[in-house]
Amino acid sequence: MKININGKSSQYLGPPTLGELLRSLDIDPKKVAVERNLRIVLPGMMESEPVESGDEFEIIRLVGGG
Amino acid sequence: MDKPLIIAGRAFRSRLLLGTGKFSSPEVMKRAIEASGAEIVTVALRRVELDNPRDSILSAIDTSKYLLLPNTSGARDAGEAVRLARLARAAGCEPWIKLEVTPDPRYLLPDPVETLKAAEVLIKEGFTVLPYINADPILAKRLEDIGVAAVMPLGSPIGSNRGIRTRDAIEIIIEGANVPVVVDAGLGAPSHAAEALEMGADAVLVNTAIAVAGDPAAMAAAFRKGVEAGREAFLAGLGRSGKEAEASSPLTGFLRQ
């Protein structure tokens, strides 16, 4: 299915949960925050949050900053 | 013995807050944080780079020793700042936020109207809000009235290393504030940090001047001393300044008399 991650469109063929999507991207769910269609996914719900065609994800991490 | 710095009921021994941007490596940053003595370190939020997904600043900062203070840098209006603050909390940070709304990329000056709007929303959501502001005493009061935990007036534009160019206004803010005043942005040398503390500021936040120094850990140690010297001078009570000379040697018993 076609989804959008951090502003880029991509094809995702894995199991339709956010936990699986993050693993397929080699991202540790504990170290990021995720918005699905502009709504924050609660940290405890990462694994079970569904992934559907057309979804837009923002995957955010902490970086150095003032 | 000096009192601790208290922000939102939490006590800190160090009056130097350190930003973590622009360091050449996580190792260099780690050494600078240790040398600074800081207990509060700021971080930013950005998109994960999908071609480098494991990169994490958290591997270099011991979050049991330091309070991570995420900022809302990059926000151009209140809505974006609120969104970033919520994401920071979802990323595992405590609900403390350095609120910055900087629509203009050239000077990165904070937008007072959007900052006030965002602060109202975030305080209602339970955040401890530390807003980055222009050195505007009225705005500082308005923010204090709605419940911010500190105010962070700028000395000069972010990263400019120009020191405190807003001295008179910061003095007025300090005079009227009932929350800690943290001078943020533009402090380029330990003497600038000392100046802020001598004036009675409660703390300073420094990033660029330390991160881009030839030896960041040594510069962090120098800033630590500048902050301590400034604070001690403030507590000791500075003498008044005047235009004319005030002789320090006795004015009697000259040879000619």
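Residues numbered from 1 in each chain as written. Chains lettered and ligands numbered in written order. Predicted model: local features only at pLDDT ≥ 70, side-chain atom pairs only at ≥ 80, totals over all residues.

Things to note about the overall build of chain B
The criterion, for reference: Starting at the N terminus, helices and strands are each numbered in turn, a helix being any DSSP run of H or I of at least four residues and a strand any DSSP run of E of at least two. Just to be clear, the radius of gyration here is over C-alpha atoms, and the globule rule we use is 2.2 Å times residues to the power 0.38. Buried means a residue has 20 or more other C-beta atoms within 10 Å of its own C-beta, exposed means 12 or fewer, and partly exposed covers the counts in between; C-beta atoms are placed from the backbone.
If you tally the helices and strands in chain B, you get eight helices and 10 strands. The C-alpha atoms of chain B give a radius of gyration of 20 Å, which matches the 18 Å a tight globule of 257 residues would have. By its C-alpha atoms, chain B is 85 × 40 × 35 Å across when sized along the principal axes. Across the 257 residues in chain B, those meeting the buried criterion constitute 46%.

Structural notes on the nonpolar core
Residues and elements named next belong to chain B. What counts, and what does not: As used here, a nonpolar core is made of buried Ala, Val, Leu, Ile, Met, Phe, Trp, Tyr and Cys residues. They are joined through C-beta atoms within 7 Å. Throughout, a pair of residues is in contact if the C-beta atoms placed from their backbones lie within 7 Å.
Core analysis: the biggest nonpolar cluster contains 91 residues, and Leu99, Val182, Ala201, Val204 and Val206 have the highest contact counts within it. Examining the composition of this core, we find that seven residues originate from one element, helix 2 (residues 78–90), more than from any other. Apart from the residues lying within four places of it in its own chain, the contact partners of alanine 201 are Ile170, Ile174, Val181, Val182, Val183 and Ala196.

With respect to helix 4 (residues 137–146) of chain B
All names here are of chain B. Test applied: In this description, one arc is meant: the one made by directions from the helix axis to the C-beta atoms.
Along helix 4, the residues classified as buried are Leu139, Ala140 and Leu143. Axial view of helix 4: buried residues confined to an arc of 105°, hence all on one face. Counted as exposed and oriented over 90 degrees from the buried face of helix 4: Ile138 and Asp145. For helix 4, the elements touching its buried residues are helix 3 (112–124), strand 7 (128–133), strand 8 (152–153) and helix 5 (167–176). Phi for glycine 147, located one or two positions after helix 4, is positive at around 110°.

Quick word on the packing of helix 3 of chain B against helix 4 of chain B
All names here are of chain B. Spelled out, the test is: The convention used is that axes are lines fitted to C-alpha atoms, helices contributing only their stretch in contact, and that angles between N-to-C directions extend from 0 to 180 degrees. The cut-offs work like this: below 35 degrees is roughly parallel, past 145 is roughly antiparallel, 65 to 115 is roughly perpendicular, and the gaps in between are oblique. In this scheme, a crossing is called left-handed if the near helix is turned counterclockwise away from the far one by less than a right angle; it is called right-handed if the turn is clockwise. Ten residue types, Ala, Val, Leu, Ile, Met, Phe, Trp, Tyr, Cys and Pro, are classed as nonpolar, four, Asp, Glu, Lys and Arg, as charged, and the remainder, Gly among them, as polar.
Two numbers describe how helix 3 lies on helix 4: the axes approach to 10 Å, and their chain directions differ by 10°. When the axes of helix 3 and helix 4 are compared, the pair comes out roughly parallel. The handedness of the crossing between helix 3 and helix 4 comes out as right-handed. Residues Pro112, Leu116, Ala119, Glu120 and Ile123 of helix 3 pack against Leu139, Arg142, Leu143 and Ile146 of helix 4. Split by residue class, the contact of helix 3 with helix 4 holds seven nonpolar, no polar and two charged.

As for helix 8 (residues 216–236) of chain B
Residues and elements named next belong to chain B. Here is the rule: To estimate how far a helix should reach, multiply one less than its number of residues by 1.5 Å.
Between its first and last C-alpha, helix 8 extends 30 Å over 21 residues, near the 30 Å set by a 1.5 Å rise per residue. Those residues of helix 8 that sit buried are Pro216, Met219, Ala220, Ala222, Phe223, Arg224, Gly226, Val227, Gly230 and Arg231. Buried residues belonging to helix 8 abut strand 3 (16–19), helix 1 (26–36), helix 6 (190–199), strand 10 (203–206) and helix 7 (208–211). In the segment just after helix 8, glycine 237 is the residue with positive phi, at about 90°.

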